[in-house]
Amino acid sequence: MPKTDSLQGSLDLLVLKILSRRPNLHGYAIMTAIRDWSGDVLNAEEGSLYPALHRMEEAGWIRAEWVTKDTGRRARIYELTATGRKQLDAEETRWQAVTAAVNRVLRTA
Amino acid sequence: MSWWTRISNAIRGDRLGREIDEELESHIAEAIEQGRDPAEARRAFGGALRTREECRDSHVLPWLASLHADSVFAWRQFAKHKVTSAAAVLSLALAIGACTSAFRLIDALLLRPLPVVAPEQLYTVVHQSFDPKGAPFTDDQWAYPCFTLMRTAVKGQAELLAVSYAARTDLTYKSDAEMEKADVQYVSGWLFDSFGLRPAAGRLFNADDDSKPRAHAYAVLSYDYWTRRFGRDPKAVGRTLQMGSDLYQIVGVGPEPFTGTETGTVTDIFVPTMMHPGVTHDDWTWFRTMVRVHPGTATEPLRARLESVALAFERERAKSFKNMPQASIDLFLRQKIGLQPAAAGASGLQKTYSTALAAIGVLVALVLLIACANVANLTTAQAASRAREMALRVSIGAGRARLVQLVLVLVESAWLAAFSAALGAWLAWWSAPFVVSRINPPDNPARLALPADWRVLAFAIALTLAVTLLFGLAPALRASKINPASALRGGSSSPHARRRLMHALIAAQVSFCFVVLFLAGLFVATFDHLSHFPLGFSADRLLVLETVAPAARPPVFWEQAADHLQSLPGVEKTAISGWPLLDGNGWNGFVSVNGAPPGPVLAYFLAVSPGWRDTMKTTLLDGHDLRADDGSPAPALVNETFVKDFLKGLEPIGAQVAKDRVPYRVVGVVRDTPYRSLREPILPAVFVPLRDMRTATIVVRTAAPNPLAIASMLRHEVSGARVSNLRSQMDLVQAQTVRERLLAMLAMFFAAVALVLAGIGLYGVLDYTVLQRRREIGIRMAVGAQAGDIALRLTVEVLRVVFAGALVGLALGLLAGRYIATLLYEVSPGDPAMLAIPAAVILGVSLIAALPAVLHAVQIDPVSMLRAD
């Protein structure tokens, strides 16, 4: 199975879920987490990840903060906000409903 | 994130961009640390620029950010062309400022509703009748008994309000020695209640303050007067003031915004109508009748009701008319009653100046259009020289959907317009009051409330936007149609189309300029004719002292006062008359000649002392002067027009002339002089001996060239009477032409501006054309065209455009001339001379403006031109 980057509109859901389990990740860590936790199946590309992060920040789901790392470089780390938590619940429910429905269709076919 | 942060991010985009860059860099560094190939890690981002843009767009309002970028860019363009930008801003500012000023004046005088409850319900009641020549005219003077009848007749449907003409009146707060002047107006007691006004101090009148003649000696001050005269002292309420022989008690102060209903005059003191001596007379007409129509009442039946009452009153009154020909009585009774909307108040100033202000409004609008055409041409030429830059923008992906060029050029125009509007606002700030200060003679200035409020602001903003579109849209559309391929290759896409646009604009400029010059010429000619009007007397070194005695005094009293003045140093001659010539006063009547019944023409009378004709330096054409010992019947002088109108074919000297059965014997004929106004035809006048008078005018011919130098000395030399007004006769003559002077002055100014602007515009366009056609001209010269041919070709091209424009201007001018006929005096808009002058001036200016470009063209060196590019 080839790696897919389209993620079928689930990028927001994945990012929110990862940040709910492990707060204060920077963009690169989020990208790695998506790949690792999906067993190398899902891959978020930089070109979509950063616009998505900024969009979610603008929507108030996540909050960003600059920290200085040991190397002396600054990194921008993200964490979930209260609104983000609610959004995560909603997205998760929706995802479950959609996959269940898709599965039902596949079974009847 | 809030809208505000998104907006501020759009304006301060640099920091945001840097942060995004840093985050992406940090990501790449992290990836390299984890062991990824640096090149691959960078490549993984794809278009880094695009990622950054997408990140950025989620934080800003994209259209705002691009508008901000465009406006910064436009500002740089604007600042780069300093001289042209400054010229454009100046000319636009002048035009925008003038337009805003004109709007302020028109709004303040004619449009702005009175600050009262429901001003739209107010009307003035006017008589519409015919003068003896059958021409219709309206007047708004009423007699109080008729007012009372009309008020009762429409009770319940409408409320009638009497408001006298504001008059500058002598009054004092202390003694007779300290007289001062204030604008006094008699008003109905119920006026303030009907207007829904509340006092700023004390109380206002109510209906009870206006019920019995001479019983309510109360006064209400206007807020403006309270401020100017008393510094808003609350103790002013309760003080008394003396006006004539009556002592009035000040009971209150009106609200701040209310300056009376006579737009153009700020009333100082209101007193109840019942205090006016004319209130019981059915033949004294001394006030305007305003009517507040109650909601739900139709105006036409109301008008008809008022008309029937008023005409019944006049018919009753006409029964007692004596010495009036039946034809005149019939004409008088054919009058109708009309209602005129008075939401903006009612005043003579409105009547006198509405057309004049409209004419000025048209002039400044035309100047604005000329300035816009100039700037449009400038922008077009600039856009042409930037064709490559525009083409580059399109070809690297600035989509036509975003209409980059359109926005860019428009934004540049907006910068121009904004600067001009700011400068214009400053201009309008002081120019509108300046014009108002010129409206009336200095001793009785027009006072017009000129607030700079949202109405003016809204007008200015709308005007600025309209102007931006006017001069920005055409060049912007043209720029956005650019074809990148051909523009980058070096050939301009459509030079002919652009030139056509510029030529059309030049033609428009010329035609507007023609109209402005034409109208200005008419106004100047009118002023010229009026100021060179043959007066028939000499106004030089002549003072008029309007003098009031405590009670009526016999002629000998006045003659003694005049004789005393004549004995003073610096005085050449003195005489007495009832009032000065040309101050607007009049005394008329029907006369019977040699016992015949009176004719329909009114004759005008003036009481004068025997030396009056000599002092005025009016030529005696026949007979002799009035003499003290002329005996009975009393002697009279008549003017030439009187002889023509009344004594045709008769021997004037010795003729018997009777007014109201009082006979006079004509002893002399004098040269025609204007009687009360320069603008009306010379009136038939009769000069009769003095009678017992309370007020009289002492006419003083001084020896010194400046009569006002001894004015204050003379004022103290009049004993037994008080000098209430002291003017030079020259001031009275010049007061006759105040409006014409103002119109001529403003029109000349705008004509000069229009001419300069049109000249500059023409010069700019021609110079640009030559620049564009260097190559063509070079080739023509290379194949043998002579310099003369080239010059002729270019000149003919210019003249074609100028003639086309002038022809359109001629048609427009003739059309406009019809609407301003009332402002003109002995000038006809169709007069060929009036049309030839602007045509010649424009032709001259066009040729001068074309000269540099033509010289430039013939100096083109074909060899170097063909080598270039």
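Values in this document were obtained by computation on a predicted structure and should not be read as measured data.

J.: How should the overall build of chain B be read in this particular structure?
T.: A tally of regular secondary structure across chain B gives 27 helices and 23 strands. Relative to the 2.2 N^0.38 estimate, which gives 29 Å for 869 residues, the radius of gyration of chain B is 37 Å and therefore markedly larger than a compact globule would have. Each principal axis of the C-alpha distribution contributes one length, and for chain B these read about 130 × 75 × 60 Å. For chain B, buried positions account for 41% of its 869 residues. Taking contacts inside chain B between residues at least 6 apart in sequence as the whole, the part at least 24 apart equals 83%.

J.: Honestly, the pairing of strand S22 (residues 693–702) of chain B in this entry has me stumped. Any pointers?
T.: Side-chain positions along a regular strand alternate between the two faces of the sheet. Residue and element names in this part refer to chain B. Counting buried positions over the ten residues of S22 gives eight, a clear majority of the element. In terms of strand pairing, strand S13 (residues 542–553) meets S22 through eight bridges, oriented antiparallel. Bridging across to S22, Leu543 finds its partner in Val700. In terms of strand pairing, strand S14 (residues 571–577) meets S22 through six bridges, oriented antiparallel. Within S22, the residue paired with Ile576 across the bridge is Ile698.

J.: Any chance you could explain the interface of chain A and chain B here in plain terms?
T.: How large an interface is tends to be reported as the accessible area lost when its parts come together. Each side of the interface is counted separately: chain A has 14 residues, and chain B has 17 residues. Among the elements of the structure, helix H2 (27–37), helix H3 (46–59) and strand S3 (74–80) of chain A are those that each provide at least two residues to the side of chain A that touches chain B. The greatest single-element share of the side of chain A that touches chain B, amounting to seven residues, is contributed by H3(A).

J.: Any chance you could explain the nonpolar core here in plain terms?
T.: One broad trend across soluble globular proteins is that nonpolar side chains are buried collectively. All names here are of chain B. Within the largest apolar cluster, 111 residues are counted, with the highest numbers of intra-cluster contacts made by Leu92, Val367, Ile370, Cys513, Val516, Phe750 and Ala754. Looking at which element gives the most residues to this core, the answer is helix H12 (residues 348–385), with 22 residues. If you look at the next biggest cluster of nonpolar residues, it comprises 58 residues, including Leu114, Leu160, Val253 and Met290.

J.: Would you take a moment to explain the confidence of the model for chain A for this structure?
T.: Should pLDDT be low for a region, the predicted coordinates there are not to be read in detail. The pLDDT averaged across chain A works out to 84; a share of 91% of its residues lies at or above 70. Per-residue pLDDT stays below 50 along residues 1–6 of chain A; that stretch engages in seven contacts with residues further than four places along the chain or on separate chains.

J.: I keep staring at helix H25 (residues 787–819) of chain B and nothing clicks. Help me out?
T.: Structurally, the α-helix is built with 3.6 residues per turn, so residues lying three or four positions apart point the same way. Under the 1.5 Å per step criterion, the end-to-end length of H25(B) is 48 Å for 33 residues, consistent within 8% with the ideal 48 Å. Among all positions of H25(B), only B:Leu794, B:Val798, B:Val801, B:Val802, B:Gly805, B:Ala806, B:Gly809, B:Gly813 and B:Gly817 are buried.

J.: How should unusual backbone geometry be read in this particular structure?
T.: With the exception of glycine, the majority of residues adopt a negative phi angle, and the majority of peptide bonds are in the trans configuration. Residues and elements named next belong to chain B. The phi dihedral of Ala118 is positive, around 45°, even though this residue is not glycine. By the element assignment, Ala118 lies in the loop between helix H6 (82–111) and strand S1 (122–130). By C-beta crowding, Ala118 is classed as partly exposed, having 16 other C-beta atoms within 10 Å. Unlike most non-glycine residues, Glu826 shows phi in positive territory, near 55°. Turning to its location among the elements, Glu826 is positioned in the loop between H25 and helix H26 (832–858). Owing to 11 C-beta atoms within 10 Å, Glu826 belongs among the exposed residues under this scheme.

J.: Any chance you could explain the environment of B:Leu620 here in plain terms?
T.: All names here are of chain B. Inspection of the secondary structure puts Leu620 in strand S17 (residues 620–623). Along the chain, Leu620 and Ser320 lie 300 residues apart, while their C-alpha atoms are 39 Å from each other. Excluding residues within four positions of it along the chain, Leu620 makes contact with Arg613, Asp625, Gly668 and Val670.

J.: Can you help me understand the packing of H25(B) against H26(B) in this one?
T.: Each pair of packed helices can be described by the angle between their axes along with the distance between the axes. All names here are of chain B. Contact geometry for H25 and H26: axes closest at 9 Å, N-to-C directions at 150°. One element, H25, and the other, H26, form an angle in the roughly antiparallel class. The hand of the H25/H26 crossing is right-handed. Touching Ala787, Ile790, Ala791, Leu794, Thr795, Val798, Val802, Ala806 and Leu810 of H25 are Leu835, Ala839, Ile842, Leu843, Ser846, Ala850, Ala853, Val854, Ala857 and Val858, all from H26. Broken down by class, the residue content of the contact of H25 with H26 amounts to 17 nonpolar, two polar and no charged.

J.: How should I be thinking about the sheet that holds S3(A) in this particular structure?
T.: Within a beta sheet, neighbouring strands are joined by backbone hydrogen bonds and run either parallel or antiparallel to one another. Residues and elements named next belong to chain A. Strand order in the open sheet made by the three strands is S1-S3-S2, with antiparallel pairing throughout. Lying at the two open borders of the sheet, with one neighbouring strand each, are strand S1 (25–26) and strand S2 (62–68). Sheet analysis places S2 next to S3, joined by seven bridges and oriented antiparallel. Its bridge partner lying in S3, Thr68 is registered against Arg74.

J.: Looking at this structure, how should I read helix H10 (residues 299–318) of chain B?
T.: Residue and element names in this part refer to chain B. Helix length check: H10 (20 residues) gives 28 Å between terminal C-alpha atoms against 28 Å at 1.5 Å per residue, within 8%. Among the residues making up H10, those that are buried are Leu302, Leu306 and Ala310. The buried side chains of H10 occupy one side of the element, clustering within an arc of 50° when seen end-on. Across from the buried face of H10, at angles greater than 90 degrees, the exposed residues are Glu300, Pro301, Ala304 and Arg315. On its buried face, H10 sits against S1, helix H7 (144–153), strand S3 (158–164), strand S11 (287–293) and strand S12 (336–341).

J.: Help me understand the environment of B:Gly472 in this model?
T.: Locating B:Gly472 in the fold gives a position in helix H15 (residues 454–480). Classification of B:Gly472 as buried rests on a count of 23 C-beta atoms within 10 Å.

What counts, and where the lines are drawn
- The residue count restarts for each chain, going from 1 along the sequence in the order it is written.
- By the order in which they are written, chains take letters starting at A while ligands take numbers starting at 1.
- Residue-level local features of this predicted model are given only where pLDDT is at least 70; pairs of side-chain atoms are given and counted only at 80 or more, and the full residue set underlies all totals for whole chains, interfaces and linings.
- Counting from the N terminus, the helices are DSSP H or I runs at least four residues long and the strands are E runs at least two residues long.
- In this treatment the radius of gyration is a C-alpha quantity, and the globule benchmark scales as 2.2 Å times the residue count to the 0.38 power.
- Three exposure classes are used, all based on how many other C-beta atoms lie within 10 Å of a residue's own C-beta (placed from the backbone): buried at 20 or more, exposed at 12 or fewer, and partly exposed between those limits.
- In this description, a residue-residue contact is defined by the distance between C-beta atoms placed from the backbone, which must lie within 7 Å.
- Should DSSP find at least two bridges between two strands, the strands are taken to pair.
- A set of buried residues drawn from Ala, Val, Leu, Ile, Met, Phe, Trp, Tyr and Cys, joined through C-beta atoms within 7 Å, is what defines a nonpolar core.
- The pLDDT value tells you how sure the predictor is about a given residue, anywhere from 0 up to 100.
- Working rule for helices: expected span equals 1.5 Å times residues minus one.
- For helices, the axis comes from a line fit to the C-alpha atoms of the stretch in contact; other axes are also lines fit to C-alpha atoms, and the angle between any two N-to-C directions lies between 0 and 180 degrees.
- Oblique is the label for any angle not under 35 degrees, not over 145, and not in the 65 to 115 range, which are roughly parallel, roughly antiparallel and roughly perpendicular in turn.
- Each crossing gets its handedness from the near helix: less than a right angle anticlockwise from the far helix is left-handed, clockwise is right-handed.
- Charged residues are taken to be Asp, Glu, Lys and Arg, nonpolar residues to be Ala, Val, Leu, Ile, Met, Phe, Trp, Tyr, Cys and Pro, and polar residues to be all remaining types, Gly included.
- Directions are taken from the helix axis to each C-beta atom, and the arc is the one they span.

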